[in-house]
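Close look at the chain arrangement
Residues per chain, in single letters:
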Amino acid sequence: MSRVALITGAARGLGECIARALHGAGYRVALADVQLDAVQQLADQLDPSGQSAVALQLDVRDKAAFEAARDLLVARWGGTDVLVNNAGKSKVAALMEISPEEFDEIVAINLRGTFVACQVFGAHFAERGFGRIINIGSLAGQNGGTATGAHYAAAKGGVATLTKVFARELASRGVTVNSISPGPLDLPVVYETVAPERIAQIKQMVPVGTLGSADYIADSVLLLAADHAASVTGACWDINGGLFMR
Ligand SMILES: NC(=O)C1=CN([C@@H]2O[C@H](COP(=O)(O)OP(=O)(O)OC[C@H]3O[C@@H](n4cnc5c(N)ncnc54)[C@H](O)[C@@H]3O)[C@@H](O)[C@H]2O)C=CC1
Ligand SMILES: CC(C)c1ccc(C(=O)O)c(O)c1O
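Given the structure is predicted, the values throughout are model-derived calculations rather than measurements. (Residues numbered from 1 in each chain as written. Chains lettered and ligands numbered in written order. Predicted model: local features only at pLDDT ≥ 70, side-chain atom pairs only at ≥ 80, totals over all residues. Heavy atoms only, no water.)

Glancing now at the site of ligand 2. Close to ligand 2 lie S138, T146, A147, T148, Y152, P184, V190, V194 and I202, which account for all nearby residues. For ligand 2, whose accessible area on its own is 350 Å², the fraction buried by protein is 91%. Here ligand 2 occupies the largest pocket. Broken down by class, the residue content of the shell around ligand 2 amounts to six nonpolar, three polar and no charged. (Near = heavy atom within 4 Å. Areas by Shrake-Rupley, 256 points an atom, 1.4 Å probe, with all protein chains shown as cover. 1 Å grid on protein atoms, 1.4 Å probe; cavity = no way out; pocket = protein on both sides within 12 Å on 5 of 7 lines; lining within 4 Å. Sits in = over half its atoms within 2 Å of the grid points. Nonpolar A, V, L, I, M, F, W, Y, C, P; charged D, E, K, R; others polar.)

See below:
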């Protein structure tokens, strides 16, 4: 029977791309997002019968929502094997103008969301003796961000750290936990939130000269999700066009 993957933030952008890649590779996919209509539309497109794709309304800040998703997938498909913590919210914001409320919101979506998901599904995977968690971080979490806000960069730095902490905790239970750290990607959110002239400047700053490919990130998720990826854990795969080198 094919493996089951839950992807958060699957309604559009990178999450949609990852969901399509996993489904195309034979996974049964649960598409989770706050935007139910959009994930329902994608699930219907992937598999109108519903046998290999299901849409879930889920806010990543809500631990109980992950518990409900876990239970639903146990009932529907016998359990979950792969979790992709992709949902996130980036925000362009001037450092000194970020309000405490705005800080909390961005940290909750990007960091608390990953934390509670890793807790719920990390325990589920450990019980089953197999699991793959892939956290989508960001170059901003490594270099402080090029045009995104401090709250976003700090939260993504936290995602990198949580990846290692959960990887260590779960390593002996057949569960790997890794992150992918993309630089700016060729995706709608970038064009919606960054002025065209700034995008041109950013492209010039990238050593390889282009924005990153979401399809390539999705292929990397497939590699980390594979059964034979057992030896990769606590890793962070940098995919940033050479903007940041270790
Ligand atoms: N676009 C880029 O250049 C880069 C993106 N990333 C990361 O990749 C991931 C995906 O980014 P994009 O697809 O570009 O963003 P996007 O904004 O296009 O899509 C994000 C998705 O997450 C969903 N979402 C937002 N808040 C949520 C919540 N509380 N609960 C559940 N779902 C929620 C949205 O509804 C949306 O479908 C994010 O974690 C982002 O930080 C990292 C580096 C670069
Ligand atoms: C403003 C640039 C293009 C950008 C956009 C989004 C992210 C991210 O989500 O991490 C970046 O790191 C960026 O540099």
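Burial runs high along strand 2 (residues 28-33): six of the six residues are buried. Residues R28, A30 and A32 point to one face of strand 2 and V29, L31 and D33 to the other, with burial holding for every one of them. Across five bridges, the pairing between strand 1 (residues 4-8) and strand 2 is parallel. Among the inter-strand pairings, A5 is bridged to a residue of strand 2, identified as V29. With respect to chirality, the unit in which strand 1 leads through helix 1 (residues 13-24) into the neighbouring parallel strand 2 is right-handed. Relative to strand 3 (residues 53-57), strand 2 runs parallel, the two sharing five bridges. Among the inter-strand pairings, V29 is bridged to a residue of strand 3, identified as A53. Between strand 2 and its parallel partner strand 3, the chain crosses via helix 2 (residues 36-46), and the hand of that crossover is right-handed. (Buried < 20%, exposed > 50% of the residue type's maximum accessible area, 1.4 Å probe, protein only. Helix = DSSP H or I, 4+ residues; strand = E, 2+ residues; numbered from the N terminus. Pairing = 2+ DSSP bridges. Right-handed = clockwise from strand over helix to strand, strands pointing away.)

A few words now on the site of ligand 1. The environment of ligand 1 is made up of 28 residues, and the closest members are R12, D33, N86, Y152 and L185. In the model, a nitrogen atom of ligand 1 is placed 3.0 Å from a nitrogen or oxygen of the D59 side chain. Within the side chain of K156, a nitrogen or oxygen atom sits 2.9 Å from an oxygen atom of ligand 1. Calculation on ligand 1 without its partners gives an accessible area of 830 Å², and the protein chains cover 90% of this total. Judged by the fraction of its atoms near the pocket grid, ligand 1 is located in the largest pocket. (Polar contact = N/O pair within 3.5 Å; in protein donor to acceptor, adjacent residues only side chain to side chain.)

So, on to empty space enclosed by the protein. Evaluation of the coordinates by the stated rule reveals one cavity of 30 Å³ or more. Roughly 50 Å³ of internal volume is contained in the largest cavity. Along the walls of the largest cavity sit G137, S138, G141, Q142, K156, V159, A160, S179, S181 and C236, which together make up its complete lining. No other element matches helix 6 (residues 150-170), which puts three residues into the lining of the largest cavity. The residue inventory of the lining of the largest cavity, partitioned by class, reads three nonpolar, six polar and one charged. (Points joined across faces, edges and corners; volume = space filled by probe spheres on them.)

Moving on, we come to the nonpolar core. Burial of nonpolar side chains together is a common tendency in soluble globular proteins. By size, the foremost hydrophobic cluster in this structure holds 33 residues, and its most contacted members are I7, I18, L31 and I136. For this core, the elements supplying multiple residues, two or more each, are strand 1, helix 1, strand 2, helix 2, strand 3, strand 4 (82-85), strand 5 (131-136) and helix 9 (214-225). Setting aside its immediate chain neighbours within four residues, L31 contacts I7, A10, A19, V39, L42, A43, L46, V54, A55 and L56. Among the nonpolar cores identified, the runner-up in size contains 30 residues, and A32, V54, L58 and L162 belong to it. (Core = buried A, V, L, I, M, F, W, Y, C linked by side-chain atoms within 4.5 Å. Contact = heavy atoms within 4.5 Å.)

In contact at an axis separation of 11 Å, helix 1 and helix 2 are set at 25° when each is read in the N-to-C sense. Here helix 1 is positioned roughly parallel relative to helix 2, judged by the angle of their axes. Where helix 1 crosses over helix 2, the two elements pack in a sense that is right-handed. Along its contact with helix 1, which presents E16, A19, R20 and H23, the element helix 2 presents L42, Q45 and L46. (Axes fitted to C-alpha atoms, helices over the stretch in contact; angles between N-to-C directions. Parallel < 35°, antiparallel > 145°, perpendicular 65-115°, else oblique. Left-handed = near helix turned anticlockwise from the far one by under 90°.)

Turning next to the sheet that holds strand 2. Strand order in the open sheet formed by seven strands is 3-2-1-4-5-6-7, and the pairing between neighbours is parallel. Of all the strands in the sheet, the pair left with one neighbour each is strand 3 and strand 7 (236-239). Taking each pair of neighbouring strands and ignoring which way they run, the sheet shows an average axis angle of 15°. One ladder, built from four bridges, connects strand 6 (residues 175-182) with strand 7; its direction is parallel. Each residue of the ladder has a partner; that of P182, found in strand 7, is I239. Packed onto the sheet, helix 1 meets strand 1, strand 2, strand 3, strand 4 and strand 5 and runs at close to 170° relative to strand 1. Against the sheet, helix 3 (residues 63-77) makes contact with strand 1, strand 2 and strand 3, and its axis sits at roughly 155° relative to strand 3, the strand it touches most.

Spatial relationships are all this shows, so hold off on functional conclusions.
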